[in-house]
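Residues per chain, in single letters:
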Amino acid sequence: MAERGQLPPAAKRLCCRPGYGSGCRPGQRAGGAGPGSGALCAGPSSAVAAAALGLLPLGKTQSPESLLDIAARKVAEKWPFQRVEERFERIPEPVQRRIVYWSFPRSEREICMYSSFNTGAEDPAVGPGGAATAPGGAADAVAAADENRLPFRRGIALLDGGCVDNVLQVGFHLSGTVTEPAMQSEPETVCNVAISFDRCKITSVTCSCGNKDIFYCAHVVALSLYRIRKPDQVKLHLPISETLFQMNRDQLQKFVQYLITVHHTEVLPTAQKLADEILSQNSEINQVHGAPDPTAGASIDDENCWHLDEEQVQEQVKLFLSQGGYHGSGKQLNLLFAKVREMLKMRDSNGARMLTLITEQFMADPRLSLWRQQGTAMTDKYRQLWDELDSSNRPHRTVFTRAIEACDLHWQDSHLQHIISSDLYTNYCYHDDTENSLFDSHGWPLWHEHVPTACARVDALRSHGYPREALRLAIAIVNTLRRQQQKQLEMFRAQKKELLHRGVTSITNLEGWVGHPLDPVGTLFSSLMEACRVDDESFHGFSDFTENMGHCKSLEYQHLPAHKFLEEGESYLTLAVEVALIGLGQQRIMPDGLYAQEKVCRNEEQLISKLQEIELDDTLVKIFRKQAVFLLEAGPYSGLGEVVHRESVPMHTFAKYLFTSLLPHDAELAYKTALRAMRLLVLESTAPSGDLSRPHHIASVVPNRYPRWFTLSHIESQQCELASTMLTAAKGDVRRLETVLESIQKNIHSSSHIFKLAQDAFKIATLMDSLPDITLLKVSLELGLQVMRMTLSTLNWRRREMVRWLVTCATEVGVYALDSIMQNWFTLFTPTEATSIVATTVMSNSTIVRLHLDCHQQEKLAGSARTLALQCAMKDPQNCALSALTLCEKDHIAFETAYQIVLDAATTGMSYSQLFTIARYMEHRGYPMRAYKLATLAMTHLNLSYNQDTHPAINDVLWACALSHSLGKNELAAIIPLVVKSVKCATVLSDILRRCTLTTPGMVGLHGRRNSGKLMSLDKAPLRQLLDATIGAYINTTHSRLTHISPRHYSEFIEFLSKARETFLMAHDGHIQFTQFIDNLKQIYKGKKKLMMLVRERFG
């Protein structure tokens, strides 16, 4: 709040005594004690003072309050002290003392307001920033921890801990020291605190702790509360100028010299400067009469308001603007606005000042002009401010449109004046039943005005401390809304046939009440809830206030005695609930823009959160029934009517709340309401042709996904939540489950949400503590099948998970479900999914054990799996052939069929890797000749170039050659030409060549049989062909590598030539060939002198 060592601001007025000069003020002290005398603040009237402060019940005081105290208290509240001195020539010292005593603030409520964000006197259902908070549990613990860190709470702790000392009141100035106890990492510190006050308001504070914040620090709070709670322990002196007036010259000189001696390091330069100016006849200080006194109270011209650190308010807003993030990060700004409202409600002028400072800081942000130049849209942080300032984001309206409109708003209407000023304003003879009649059929007043504007009046009255007037107007508005609701129902019934025949409506509200910047429904709800809060009058006491602060979350709401303008049995609570239901059920167009749409969702959830804190009794259940029936029957005026606009805000979140509230009392109505709300018309493929009412700027219709709805994913998730809630509630009820399933299949368009519902239904149906609910299981399976059909032809990263889950679900339903999904696999799965996941899982031992299948059932299921496998192999042999062979291996005919499918597809549709994989499978299963056949087919698809010596297919080639070699000379002779044609990599060919020369073909058969025979000759086919190809590959590779070789690869190249020499030498004339090859290289690449030198060193 103030920096270390900062002095209080200088007095604004000059104090002098009679005889000093002609301009002096006439007031002076009459009589009194000697110099420096002081008195305790309370003196003989301490009991009366304590009673007035709420410390003692008034009935326990020893004597009635004196006339002096009554008069002094009133003067201290209203008059600046200069006015008192100018009004009366002589002011007795006891009178001065009592005025000074009563001038200090007496209520802790304001101290709390200026030292914490929330006094607890606001709506308990709404936390800082408007976010709804649920009572109890961890939320309360967090709130309590946050509250204990508030300066106000810390100040109380310091006071209770005896940390306040040296308290002194001199005139209108209070000082003292507050000791901050030592902490683990901080030593004990003593803070010097100074407070100036005027007319029961603190006007300035300083503390040596150096606190920089909007609010008073804990040390200022501790000293203030000490003065309020322990006035009899505070020494009180009159203003210092009064004391100085009593001194003679010697006393004054002694006083000044002692003061300088005690504080010579701080004040000596200032003292000398002042002495020089006083001794100079022409100095400025001698041109005015009197001298300033910081303890003498306020002048007539001084503004009487609580101290507010304006610089810190601006810094807080600037900090908020500098931070990144979305509007959800603006909690600090929300708290500032909440503080503005709190101040206005207390009729504190700083509320308006604080709002001005916030707005000015926003307007001073340099980015505003930059955005304006660039044509960039306003960020959500600024929209949040404009919402608080009652602005509008609609096209063709400026930011301050509503502010300008508010300037034209007046309160002079006589009907309005009567409504807000009296509980007895009625007209029982009024029989005008027109739409805008001033009274209803009961003679109760109505208020017809644009609803958000009318509710803004209520908010204004509440905000500025007129709760009774706000309540009266709120009741008139709600009665008007209820009357309009009935009129709309009658109007719809008259037009029902025509509207239902057209199937479309042009009747809807372009400006919804929920999510509106002025929050009309929230305002009415809060006003009425405040009126029915169980709240004793302790909040109006001063010391009791601090005990109750922070405990509002535990308050309850009751049906307090009925107001004059309510039906029999109604209360403020029923009225609050009903107006919330009316607002939430209103049909309204989805607004433009992400911020506005998120605000609609957020406000709806906040309002429902507040409603959920209210325990429903029979009276409230009647209200729920009444509104649910109305919303279902009210046609286009209701978001739950039979006919709604394509772009109306969906009712899923609201309907879920209605459903859970009504279910224990009227299940039929609950389901009817929830099922009606399931629709999401904006996702239907096309808009109805007759719907021509949409605004021109959203006239285009985009099928399926609607780009203007930025919150569509959230809306769809809420739709899913509603469906899940109904499924859970309908467990065990076949008829309702079928109805809910039908609604889900008709209205939910997102596969991921349907899959979630299928999973939810499965979990509910198979709870561990009960037998499986077969009907709910079938619903789960049916939803899963729908997901399979929806995602079959689209990419979905969860598809594999979905398929596995569906098989699990079908297994729980029974063997007939598994058989059914295999019979109809082509409508549900890809061939790969059907073979690798579905059929494989069905054929597993775990499935057989889980279903307790007998032999006949096992064979039937296996037959379906084999049929599926063969069908998939025919459709997609590349990906399904191996799975088909595996699934069919126990059935000879099926296995042969699968093998033939592979052979048929091998020449056209299958890759070498797929064929090699199946060939290895065949070898593993004991079909070497079939493996050989598939390996030769695979070789025809392969092509390995000279530099692909790390290709993944190399192992397959080596395996195929080894298989051929093991089968015999003929098989090897047949595959070598294929190898020579397909493989151009010299190292791979040399590896194959060496392996073929180590043993006799067929020498070691696959089954361990040893054959006799000679090694194959390298001079004859087929190895001669392989040797020539290998030597040719080395020659080609050498030339290729030398084309782009660099010095760092020379040594590697020499090693490569060494391996080439080994292959050359395998031929009978290999030595000659290699020598010619090296000589040829020396001639062709003689320019690479260093490399050729290395070649000569190694090879001659």
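Residues numbered from 1 in each chain as written. Predicted model: local features only at pLDDT ≥ 70, side-chain atom pairs only at ≥ 80, totals over all residues. Heavy atoms only, no water.

Things to note about the overall build of the protein chain
Looking only at helices and strands, the protein chain has 48 helices and 10 strands in total. Here the protein chain holds 1100 residues, and the buried ones make up 49% of them. Counting only carbon and sulfur atoms, one obtains 54% of the accessible surface of the protein chain, whose full area is about 52800 Å². (Helix = DSSP H or I, 4+ residues; strand = E, 2+ residues; numbered from the N terminus. Buried < 20%, exposed > 50% of the residue type's maximum accessible area, 1.4 Å probe, protein only. Areas by Shrake-Rupley, 256 points an atom, 1.4 Å probe, with all protein chains shown as cover.)

With respect to the confidence of the model for the protein chain
In the predicted model, the protein chain carries a mean pLDDT of 80, and the fraction of residues at 70 or more is 81%. Taken together, the stretch residues 390-399 has pLDDT below 50 and engages in 21 contacts with residues farther than four places along the chain or on a different chain. Residue range residues 535-555 is modelled with pLDDT below 50. Its contacts to residues more than four positions away, or to other chains, number 46 contacts. (pLDDT = per-residue confidence, 0-100. Contact = heavy atoms within 4.5 Å.)

Regarding a nonpolar patch on the surface
On the surface, a cluster of nonpolar side chains totalling about 300 Å² of accessible area is made up of Ile 240, Phe 255, Val 256 and Leu 259. Tallying contributions element by element places helix α10 (residues 249-262) first for the nonpolar patch, with 3 residues. Structurally, Val 256 can be placed in helix α10. Of the residues examined, Val 256 reaches a relative accessible area of 41% and is grouped as partly exposed. (Patch = residues over 30% accessible without salt bridge, like charges linked within 9 Å, V, L, I, M, F, W, Y side chains within 5 Å. Salt bridge = Lys/Arg side-chain N within 4 Å of Asp/Glu carboxyl O.)

What about the pairing of strand β7 (residues 189-198)?
Taking burial as the measure, the 10 residues of β7 include 7 buried ones, the bulk of the element. Looking at chain direction, strand β6 (residues 173-180) and β7 are connected through 8 bridges and run antiparallel. Residue pairing across strands places Glu 180 opposite Thr 189, the latter belonging to β7. Pairing between β7 and strand β8 (residues 201-207): 6 bridges, direction antiparallel. Note that in β8 the partner of Val 193 across the bridge is Cys 207. Hairpin geometry of β7 and β8 is characterised by an intervening segment of 2 residues between the two adjacent antiparallel strands and by a positive phi of about 50 degrees at Arg 199. (Pairing = 2+ DSSP bridges.)

Comments concerning the nonpolar core
Ranked by internal contacts, the top residues of the largest apolar core, which has 204 residues, are Leu 727, Phe 829 and Leu 934. Discounting residues that sit within four places of it in the chain, Leu 934 has contacts with Tyr 899, Val 902, Leu 903, Leu 915, Ile 918, Ala 919 and Met 922. Core analysis: the second largest hydrophobic core is formed by 63 residues, Tyr 114, Phe 152, Val 167 and Phe 215 among them. (Core = buried A, V, L, I, M, F, W, Y, C linked by side-chain atoms within 4.5 Å.)

What about the packing of α10 against helix α11 (residues 264-279)?
Interaxial distance between α10 and α11 falls to 6 Å at its minimum, and their mutual angle equals 130 degrees. Comparing the axis directions of α10 and α11 gives the class oblique. Residues Leu 259, Ile 260, Thr 261 and Val 262 of α10 touch α11, and the partners they reach there are His 264, Val 267, Leu 268 and Ala 271. For the contact of α10 with α11, the per-class residue count stands at 6 nonpolar, 2 polar and no charged. (Axes fitted to C-alpha atoms, helices over the stretch in contact; angles between N-to-C directions. Parallel < 35°, antiparallel > 145°, perpendicular 65-115°, else oblique. Nonpolar A, V, L, I, M, F, W, Y, C, P; charged D, E, K, R; others polar.)

A closer look at the packing of aromatic side chains
The full count for this structure, using the stated rule, is 18 aromatic pairs. Where Phe 172 meets Phe 197, the ring centres are 6.0 Å apart and the plane angle is 55 degrees; that geometry is what we call tilted. You can see Phe 172 sitting in the loop between β5 (164-170) and β6 and its partner Phe 197 sitting in strand β7, a full 25 residues away along the chain. For the pair Phe 172 and Phe 197, one class covers both residues: buried. (Phe/Tyr/Trp six-rings, centres within 6.5 Å; stacked < 30°, edge-to-face > 60°.)

Structural notes on the side chain of His 965
Of note, His 965 is situated in helix α42 (residues 954-967). Taking relative accessible area as the criterion, His 965 reaches 8% and is therefore assigned buried. A polar contact is formed between the side chain of His 965 and the backbone oxygen of Cys 996, at a distance of 3.4 Å. Aside from chain neighbours lying at most four places away, what touches His 965 is Leu 972, Arg 995, Cys 996, Thr 999, Thr 1000, Pro 1001 and Gly 1002. (Polar contact = N/O pair within 3.5 Å; in protein donor to acceptor, adjacent residues only side chain to side chain.)

Thoughts on the environment of Val 621
Locating Val 621 in the fold gives a position in helix α25 (residues 618-633). Residue classification places Val 621 among the buried residues on the basis of a relative accessible area of 4%. For the pair Val 621 and His 665, spaced 44 residues apart in sequence, the C-alpha separation works out to 7.6 Å. Residue contacts for Val 621: discarding those within four places in its chain leaves Leu 616 and His 665.

Focus on helix α14 (residues 350-363)
An α-helix turns once every 3.6 residues. As a result, residues three or four positions apart point the same way. For α14, with 14 residues, the first-to-last C-alpha span of 20 Å sits near the 20 Å given by 1.5 Å per residue. For α14, every residue scored as buried is listed here: Asn 350, Gly 351, Met 354, Leu 357, Ile 358, Thr 359, Gln 361 and Phe 362. (Expected span 1.5 Å × (residues − 1).)

Points about the pattern of salt bridges
Scanning the entire structure with this criterion turns up 42 salt bridges. Put simply, Lys 318 and Glu 315 hold a salt bridge, and the shortest N to O gap is 3.6 Å. Placement of both Lys 318 and Glu 315 in helix α12 (residues 310-322) is noted, with a separation of 3 residues, approximately one turn of the helix. In this structure, Arg 736 and Asp 733 form a salt bridge, with 3.6 Å as the shortest nitrogen-oxygen distance. Its relative accessible area of 29% is what places Asp 733 among the partly exposed residues. Where salt bridges share partners, they join Arg 482, Glu 570, Glu 578 and Lys 626 into one cluster.

Examining the environment of Glu 86
Mapped onto the elements of the fold, Glu 86 is located in helix α3 (residues 81-87). Among the residues examined, Glu 86 registers a relative accessible area of 37% and is labelled partly exposed. Spatially, the C-alpha atoms of Glu 86 and Ile 300 are 9.9 Å apart, while their sequence positions differ by 214 residues.

Section: the packing of helix α30 (residues 751-765) against helix α31 (residues 774-791)
Where α30 contacts α31, the axes come no closer than 8 Å and their chain directions differ by 160 degrees. Judged by the inter-axis angle, α30 sits roughly antiparallel to α31. For the pair α30 and α31, the crossing hand works out as left-handed. Contact residues: α30 offers Ser 751, Ile 754, Phe 755, Leu 757, Ala 758, Ala 761, Phe 762, Ile 764 and Ala 765, while α31 offers Leu 776, Leu 777, Ser 780, Leu 783, Gly 784, Gln 786, Val 787, Met 790 and Thr 791. Of the residues contributing to the contact of α30 with α31, the split by class is 13 nonpolar, 5 polar and no charged. (Left-handed = near helix turned anticlockwise from the far one by under 90°.)

Concerning unusual backbone geometry
In this structure, Asn 166 takes a positive phi of about 55 degrees despite not being glycine. Position of Asn 166 among the secondary structure elements: in strand β5. A positive phi angle, near 55 degrees, is found at His 852, a position not held by glycine. Assignment of secondary structure puts His 852 in the loop between α36 (845-851) and α37 (855-875). Under the relative-accessibility criterion, His 852 is labelled exposed at 69%.

Observations regarding the state of the cysteines
All told, the structure shown has 0 disulfides when counted by the stated rule. With no disulfide of its own, Cys 209 lies 3.5 Å from the sulfur of Cys 207, the closest cysteine sulfur. Looking at Cys 872, it has no disulfide partner, and the nearest cysteine sulfur is the one in Cys 880, 5.1 Å off. By relative accessible area, which is 0% here, Cys 872 ends up buried. (Disulfide = S-S within 2.5 Å.)

Considering the side chain of Ser 661
For Ser 661, the position within the fold is in helix α26 (residues 652-662). Given a relative accessible area of 9%, Ser 661 falls into the buried group. Only 2.8 Å separates the side chain of Ser 661 from the backbone oxygen of Tyr 657, close enough to count as a polar contact. Apart from the residues lying within four places of it in its own chain, the contact partners of Ser 661 are Leu 616 and Phe 624.

Quick notes on the environment of Trp 959
You can see Trp 959 is positioned in helix α42. A relative accessible area of 12% means that Trp 959 is categorised as buried. Leaving out residues up to four positions away in the same chain, Trp 959 has contacts with Phe 916, Ala 919, Arg 920, Glu 923, Ala 931 and Ala 935.

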